[in-house]
2 protein chains.
Amino acid sequence: MFSQTVEYALRAVIHLAQYAPKARKTQDIAKATQVPAAYLTKVLQNLGAHGIVRLQRGVGGGVSLDRSPDQITILDIVNAVDPIQRITTCPLQLSNHGVRLCALHRRMDNALKGIEEAFGSTTMAELLKDPNRSTPLCEESP
Amino acid sequence: MFSQTVEYALRAVIHLAQYAPKARKTQDIAKATQVPAAYLTKVLQNLGAHGIVRLQRGVGGGVSLDRSPDQITILDIVNAVDPIQRITTCPLQLSNHGVRLCALHRRMDNALKGIEEAFGSTTMAELLKDPNRSTPLCEESP
DNA sequence: AACAAACAGGATAAGAATGTCAACTTTACG
DNA sequence: CGTAAAGTTGACATTCTTATCCTGTTTGTT
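What you are looking at is a predicted structure, and each value in this text was computed from that prediction instead of being measured.

**Some words on the protein's contact with DNA strand C**
Stage number 1. DNA strand C sits among 26 residues. The nearest are A:L55, B:S3, B:Q4, B:P36 and B:G58.
Stage number 2. When contributions to the surface near DNA strand C are tallied by element, the ones reaching two or more residues are α2 (26-33), α3 (37-49), β1 (53-56) and β2 (62-65) of chain A together with α1 (4-19) and α3 (37-49) of chain B.
Stage number 3. Taken together, the residues of the surface near DNA strand C sort by class into seven nonpolar, 15 polar and four charged.

Right, here's the structure in full:
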């Protein structure tokens, strides 16, 4: 349902949020999040192009968040690497479906809207301080 | 977000619901729903294997619903062709995440749960008699 | 300036999803 | 029984996602 790429991107950003505002090397992120390092570089490029992370080359460089963890939602990350495509027009080319969706596609779009709302209302900061759960990505007990 | 295959399957079943309990030929379904005919046969096979539709060979055969339209939900169809995979265990192999998901994956799973609930509570019959919208797949005005 | 650390970017490949095709089997009916 | 209608099946083609690798460029340090 959610692509691998989305999963990887979320892991990477959460990891960075844990270290914010410090930078982390791609290799270290890859190890900590169990994401293939070579592929992670692509994902991070993408996140960089969308203003989620900042990429710094050279010695002492690395990847860091471009905003504070409470200014990055799950939706920001999802939309950066694999945007949620709301259904705004009829997927068939039916003339009278263009404006108002049929019952089916209205409900499908509603489900997408639900995801957008859920993901848009949760920030990285909230994920990290969630009291009832183990810390994302971490082995340590709660 | 939802695969092409899911979209095709939903179109096909809605079309069949409009004609239920009569059978329709695959070619006719393909034309009406604008789905590639050769691929639609695969999708219909799948729906047949999951007890959504009945496939009848030979002269006068075709495809028909295996249950009445009010006994088939969107979720039934989705789960037949491209099942919603709930997140029940930590995607990483973190020992202490197995039982209770971390905040991230709990929220992702919650989004999936929302979709399941929305899709599980809507039947084909309801889609067809939705008063405020144009009929699914049909050119005719409401 | 030289060097090494670290990201940048293109080529490439494996795998899954989507789509096509042709030969085969079942079935109704004259 | 023969024939045409209709689904069945397996092989193949195409496109997208995921993944790898190698070479280049930037940058801090000596």
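**Observations regarding the packing of α2(A) against α3(A)**
Residues and elements named next belong to chain A.
Stage number 1. The interhelical angle for the contact between α2 and α3, taken along N-to-C directions, is 110 degrees, at an axis separation of 9 Å. Taken together, the axes of α2 and α3 lie roughly perpendicular to each other. Here α2 runs over α3; the crossing is right-handed. On α3, the residues touching T26, Q27, I29 and A30 of α2 are A37, L40, T41 and L44.
Stage number 2. Per-class residue counts for the contact of α2 with α3 are five nonpolar, three polar and no charged.

**Comments concerning the environment of B:I84**
Stage number 1. Among the secondary structure elements, B:I84 is positioned in the loop between α4 (74-81) and α5 (103-120).
Stage number 2. Between the C-alpha atoms of B:I84 and B:I115, which are 31 residues apart in sequence, the distance is 8.7 Å.

**A closer look at the protein's contact with DNA strand D**
Stage number 1. Close to DNA strand D lie 26 residues, the nearest being A:S3, A:Q4, A:P36, A:G58 and B:T26.
Stage number 2. For the surface near DNA strand D, the elements supplying multiple residues, two or more each, are α1 (4-19) and α3 of chain A together with α2 (26-33), α3, β1 (53-56) and β2 (62-65) of chain B.
Stage number 3. Along the lines of polarity and charge, the residues of the surface near DNA strand D split into seven nonpolar, 15 polar and four charged.

**Points about α1(A)**
Stage number 1. Between its first and last C-alpha atoms α1(A) spans 23 Å; for 16 residues at 1.5 Å apiece the expected length is 22 Å, and the two agree.
Stage number 2. With twelve of 16 residues buried, α1(A) is to be regarded as a mostly interior element.

**Comments concerning the nonpolar core**
Stage number 1. Counting 77 residues, the largest nonpolar core has A:A9, A:V13, B:A9 and B:V13 as the members making the most contacts within it.
Stage number 2. Setting aside its immediate chain neighbours within four residues, B:V13 contacts B:L47, B:I52, B:I72, B:I77 and B:M124.

**Looking at unusual backbone geometry**
Across the chain, the bulk of peptide bonds are trans and the bulk of non-glycine residues have phi less than zero.
Residues and elements named next belong to chain A.
Stage number 1. In this structure, the amide linkage connecting A20 to the following residue, P21, adopts the cis form with an omega of 0 degrees.
Stage number 2. In this structure, Q34 takes a positive phi of about 60 degrees despite not being glycine.
Stage number 3. Turning to its location among the elements, Q34 is positioned in the loop between α2 and α3.
Stage number 4. On the basis of neighbour count, Q34 is assigned to the partly exposed category, with 13 C-beta atoms found within 10 Å.

**Section: the pairing of β2(B)**
Within a regular strand, the side chains alternate between the two sheet faces.
Residues and elements named next belong to chain B.
Stage number 1. Two strands pair when backbone bridges link them, and β1 and β2 are joined in this way by four bridges, in the antiparallel orientation. Residue pairing across strands places R54 opposite S64, the latter belonging to β2.
Stage number 2. Between the antiparallel neighbours β1 and β2 lie five residues, among them G58 with a positive phi of about 80 degrees.

**Regarding α3(B)**
All names here are of chain B.
Stage number 1. Taking 1.5 Å per residue, 13 residues should reach 18 Å; α3 reaches 18 Å between its end C-alpha atoms and fits that length.
Stage number 2. All buried positions along α3 are accounted for by L40, V43, L44 and L47. End-on, the buried residues of α3 take up no more than an arc of 100 degrees, which puts them together on one face. Seen from the open side of α3, the exposed residues pointing more than 90 degrees away from its buried face are A38, Q45 and A49.
Stage number 3. Each element contacted by the buried residues of α3 is listed here: α1, α2, β1, β2 and α4.
Stage number 4. Residue G51 follows α3 closely and has a positive phi angle near 75 degrees.

What counts and how
Residues numbered from 1 in each chain as written. Chains lettered and ligands numbered in written order. Predicted model: local features only at pLDDT ≥ 70, side-chain atom pairs only at ≥ 80, totals over all residues. Near = placed C-beta within 6 Å. Helix = DSSP H or I, 4+ residues; strand = E, 2+ residues; numbered from the N terminus. Nonpolar A, V, L, I, M, F, W, Y, C, P; charged D, E, K, R; others polar. Axes fitted to C-alpha atoms, helices over the stretch in contact; angles between N-to-C directions. Parallel < 35°, antiparallel > 145°, perpendicular 65-115°, else oblique. Left-handed = near helix turned anticlockwise from the far one by under 90°. Contact = placed C-beta atoms within 7 Å. Expected span 1.5 Å × (residues − 1). Buried ≥ 20, exposed ≤ 12 C-beta atoms within 10 Å, placed from the backbone. Core = buried A, V, L, I, M, F, W, Y, C linked by C-beta atoms within 7 Å. Pairing = 2+ DSSP bridges. Arc of directions from axis to C-beta.

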